[in-house]
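The primary structure of each chain is shown beneath.
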Amino acid sequence: MAEARRVRAAGLFDQGRSGAEIARMLDVSEESVRRWRRVWEEGGADGLRRRPASGRPPKLDDAQVERVRAALERGAQAHGFEADLWTLERVGLVVERVTGVTLSRASVWRLLTGRLGWSLQRPERRAVERDESEIARWIAHEWPRIKKGP
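Analysis parameters
- Residues numbered from 1 in each chain as written.
- Predicted model: local features only at pLDDT ≥ 70, side-chain atom pairs only at ≥ 80, totals over all residues.
- Heavy atoms only, no water.
- Salt bridge = Lys/Arg side-chain N within 4 Å of Asp/Glu carboxyl O.
- Buried < 20%, exposed > 50% of the residue type's maximum accessible area, 1.4 Å probe, protein only.
- Helix = DSSP H or I, 4+ residues; strand = E, 2+ residues; numbered from the N terminus.
- Expected span 1.5 Å × (residues − 1).
- Arc of directions from axis to C-beta.
- Contact = heavy atoms within 4.5 Å.
- Phe/Tyr/Trp six-rings, centres within 6.5 Å; stacked < 30°, edge-to-face > 60°.

Quick look at the pattern of salt bridges
And step 1. Taken as a whole and judged by the stated rule, the model has 13 salt bridges.
And step 2. Arg137 is paired through a salt bridge with Glu142; the nearest N and O atoms lie 3.5 Å apart.
And step 3. According to the relative accessible area criterion, Arg137 is partly exposed, its value standing at 34%.

Regarding helix H1 (residues 2-14)
And step 1. For H1, with 13 residues, the first-to-last C-alpha span of 19 Å sits near the 18 Å given by 1.5 Å per residue.
And step 2. Among the residues of H1, those classed as buried are Arg6, Ala9, Ala10, Leu12 and Phe13. Buried residues in H1, looked at end-on, bunch into an arc of 165°, giving them a common side. Exposed and oriented more than 90 degrees from the buried face of H1 are Ala4 and Asp14.
And step 3. Packed against the buried residues of H1 are helix H2 (19-26) and helix H3 (30-43).
And step 4. One or two positions beyond H1, positive phi appears at Gly16, with a value near 80°.

Remarks on the packing of aromatic side chains
To describe a pair of aromatic rings, one takes the distance between the centres and the angle between the planes.
And step 1. Evaluated as defined, the whole model comprises 3 aromatic pairs.
And step 2. Pairing Phe13 with Trp40 gives two aromatic rings, centres 5.1 Å apart and planes at 45°, and the pair type is tilted. With Phe13 in helix H1 and Trp40 in helix H3, this residue pair connects regions lying 27 residues apart in the sequence.
And step 3. Classification of Phe13 by relative accessible area gives buried; the value is 4%.

Structure, rendered in structure tokens:
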């Protein structure tokens, strides 16, 4: 939407409209219109178009990310870990094995949550001695008795 406004402003610049008029028409500040006009005068309408994000390119390309996804979906035990739980360190090791690229913990987190769309999941902590049938019996028989009172 922002790009469409800027491109519309370029058309209005061509028509010779004033900055105040363009600001009112596009519901933006006059300062924005002045900034857009400077860019438009230097680079034309193309200068007002959206540019790709700058910065360092990702260490993993899309094909590598998909290979990592497939490897992670096989589970942690398939990669030699004792429990079938993923930690950032474990995922980092698998990424390195699959792609040869070493990632920091923060980069592993961004890979999981951003590019793979995974979320933090913590296992439920349950006592080894937990007896589900005894819990169900207690809820069905003891809890109503206690709730009623003496």
